[in-house]
Amino acid sequence: MGRSAVLGVYPLAYRIELWRSKREIGGKGARVIGLRSVWTARGPSPHILYPDCVPELPEVETIVRGLDKRATGDTIESVWIGSRKQPLKSPAGVIASTLEGKRIVRVHRAGKHIVFDLEKAAQPKKGRGTDAKTAQWIVHLGMTGRMVVCESAAEIAKHTHLIAKMTSGRELRFIDPRMFGKLSVHIQPESGGFDPGGVEPLEVSEEQFIALFRGRKTPIKSALLNQKLLRGVGNIYADESLFRTGIRPRRRAAAITRQQLAELHRAVREVLREAIALGGSSISDYVDANGEEGFFQLQHRVYGREGEPCLVCGTAIRRVVLAGRSSHYCSKCQK
Ligand SMILES: [Zn+2]
């Protein structure tokens, strides 16, 4: 299947492989090989390193914008749910009856969750759907999840767990080989709607940010990854923000000055905004809602660059493991 043929039907069955260095595929002596795309229906292969790389806030934002553009206004007619229970965080029957007969009012992001705001369609098909007037469909992509909009004729990819057929003839499909993704519905959004906890990093004020981190005894990197504080900041963007602020990942949050926390606040937002502007910077196999690869790499200054020279001072970038996650930093630029 050629690339153009695939794009014509908004494919769901391809993945993008980014082989970023030999080190990551098992060799020594890190050297960036570059980027190549592989068009295949297979799931992720075991050589993808950095297994802790889940789609982060910018990738989810990119996907959400694509879904909002392509699915908002459409009505879900019927839902097919596969037999695998792992991705289902609400019972299959409840998911199906909540989605069927609902119009998609808006698709937005809450932390790393995709949220579909739904309302009862004007004339739902008889016998379909619940009586709830409004509801929310919550999708978390986990590590390898994909959410795509495609024509109903498009080939169904392996590991497809849910298909929502819409009145336009298009389908929303959730595909997830490793099944760390989550599908659920939230039936009473009037009571405040779905809330994953934590504060949105792009909305947090400087004062709020300082209050979240001041006095914490944990390493600042762990605090940045704590989803109960800020939601959606993941490993890549935490490392990049700390580099821009000159703070070592292992430093205790309590030992960071107010001034530095204010700088970190700016850096986190700056890094996330840049990545969103580039369409996310996934290193794994995510596609946007159009089925297009769409993700361009934010030039990582430290993340994934172990052993390579710091772009500022030339010192070799170091990697340490903090709470099971890789952290990358420059020992000269970051104190
Ligand atoms: Zn440096």
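Residues numbered from 1 in each chain as written. Predicted model: local features only at pLDDT ≥ 70, side-chain atom pairs only at ≥ 80, totals over all residues.

Caption draft 1: Spotlight on the overall build of the protein chain. Secondary structure summary: the protein chain contains seven helices and 12 strands in total. When the 335 residues of the protein chain are sorted by exposure, 44% land in the buried category. By sequence separation, contacts in the protein chain at least 24 residues apart represent 67% of the contacts at least 6 residues apart. (Helix = DSSP H or I, 4+ residues; strand = E, 2+ residues; numbered from the N terminus. Buried ≥ 20, exposed ≤ 12 C-beta atoms within 10 Å, placed from the backbone. Contact = placed C-beta atoms within 7 Å.)

Caption draft 2: Spatial organisation of the sheet that holds strand β3 (residues 75-81). Taken in spatial order, the eight strands line up as β7-β9-β8-β3-β4-β5-β6-β10 in an open sheet, and their pairing is antiparallel. Pairing within the sheet leaves two strands with one partner each, and these edge strands are β7 (146-151) and β10 (182-186). Averaged over all pairs of adjacent strands, the angle between strand axes in this sheet comes to 30°, irrespective of strand direction. Contacts between helix α2 (residues 57-71) and the sheet are confined to β4 (102-110), β5 (113-120), β7 and β9 (170-175), with β4 contributing the most and set at about 160° to the helix. Strands in contact with helix α3 (residues 92-99) are β3, β4, β6 (134-140), β8 (160-166) and β10; relative to β3, the strand with the most contacts, it is inclined by about 165°. (Pairing = 2+ DSSP bridges. Axes fitted to C-alpha atoms, helices over the stretch in contact; angles between N-to-C directions.)

Caption draft 3: Structural detail: the packing of helix α6 (residues 235-245) against helix α7 (residues 258-277). As a packed pair, α6 and α7 sit with axes 8 Å apart at the nearest point and diverge in direction by 130°. Relative to α7, the element α6 is oriented oblique. Pair α6 / α7 crosses with right-handed handedness. Contacts between α6 and α7 pair Tyr237, Glu240, Ser241, Arg244 and Thr245 from the former with Gln260, Glu263, Leu264, Ala267, Val268, Val271, Leu272 and Ala275 from the latter. Here the contact of α6 with α7 is composed, by residue class, of seven nonpolar, three polar and three charged. (Parallel < 35°, antiparallel > 145°, perpendicular 65-115°, else oblique. Left-handed = near helix turned anticlockwise from the far one by under 90°. Nonpolar A, V, L, I, M, F, W, Y, C, P; charged D, E, K, R; others polar.)

Caption draft 4: How the structure looks around unusual backbone geometry. The residue His159 is not glycine, and still its phi comes out positive at about 70°. Of note, His159 is situated in the loop between β7 and β8. Judged by the 22 C-beta atoms lying within 10 Å of it, His159 is buried. One non-glycine residue, Met179, lies in the positive phi region at around 60°. For Met179, the location among the structural elements is in the loop between β9 and β10.

Caption draft 5: Focus on helix α4 (residues 206-213). When α4 is considered as a whole, its buried residues turn out to be Phe209, Leu212 and Phe213. Within α4, the buried residues cover an arc of 80° as seen down the axis, which keeps them to one side. Exposed residues lying more than 90 degrees from the buried face of α4 are Glu207 and Ala211. Looking at the buried side of α4, the elements it contacts are α5 (220-225) and α7. Gly215 lies just past α4 and shows a positive phi near 80°. (Arc of directions from axis to C-beta.)

Caption draft 6: Inspection of the nonpolar core at higher detail. Residues Leu67, Val79, Ile114, Met147, Ile220, Val233 and Tyr237 are the most contacted members of the largest nonpolar core, which totals 69 residues. A per-element tally of this core places α7 first, with seven residues. Both domains that meet at this core, namely domain 1 (57-191) and domain 2 (206-329), each give it at least three residues. Not counting chain neighbours up to four residues away, the residues in contact with Val79 comprise Ile95, Ala96, Leu99, Glu100, Leu162 and Ala164. (Core = buried A, V, L, I, M, F, W, Y, C linked by C-beta atoms within 7 Å. Domains from an automatic or database assignment.)

Caption draft 7: Just the environment of Val199, in detail. Mapping Val199 onto the fold places it in the loop between β10 and α4. For the pair Val199 and Gly232, spaced 33 residues apart in sequence, the C-alpha separation works out to 8.9 Å. Setting aside residues up to four positions removed in sequence, Val199 forms contacts with Val204, Gln208, Leu212, Leu230 and Arg231.

Caption draft 8: How the structure looks around the environment of Thr245. Positionally, Thr245 belongs in helix α6. In this structure, the C-alpha to C-alpha distance between Thr245 and Val268, residues 23 residues apart in sequence, is 9.3 Å. In contact with Thr245, not counting residues within four places along its chain, are Gln260, Glu263, Leu264 and Ala267.

Caption draft 9: Structural view of the packing of α2 against α7. The geometry of α2 relative to α7 is characterised by a closest axis approach of 9 Å and an angle of 40° between their N-to-C directions. Judged on the interaxial angle alone, α7 and α2 are oblique. For the element pair α2 and α7, the recorded crossing hand is right-handed. Contact with α2, carried on its side by Leu57, Pro58, Glu61 and Thr62, involves Leu272, Ala275 and Ile276 of α7 and no other residues of that element. Here the contact of α2 with α7 is composed, by residue class, of five nonpolar, one polar and one charged.

Any functional reading would require information beyond the geometric quantities listed.
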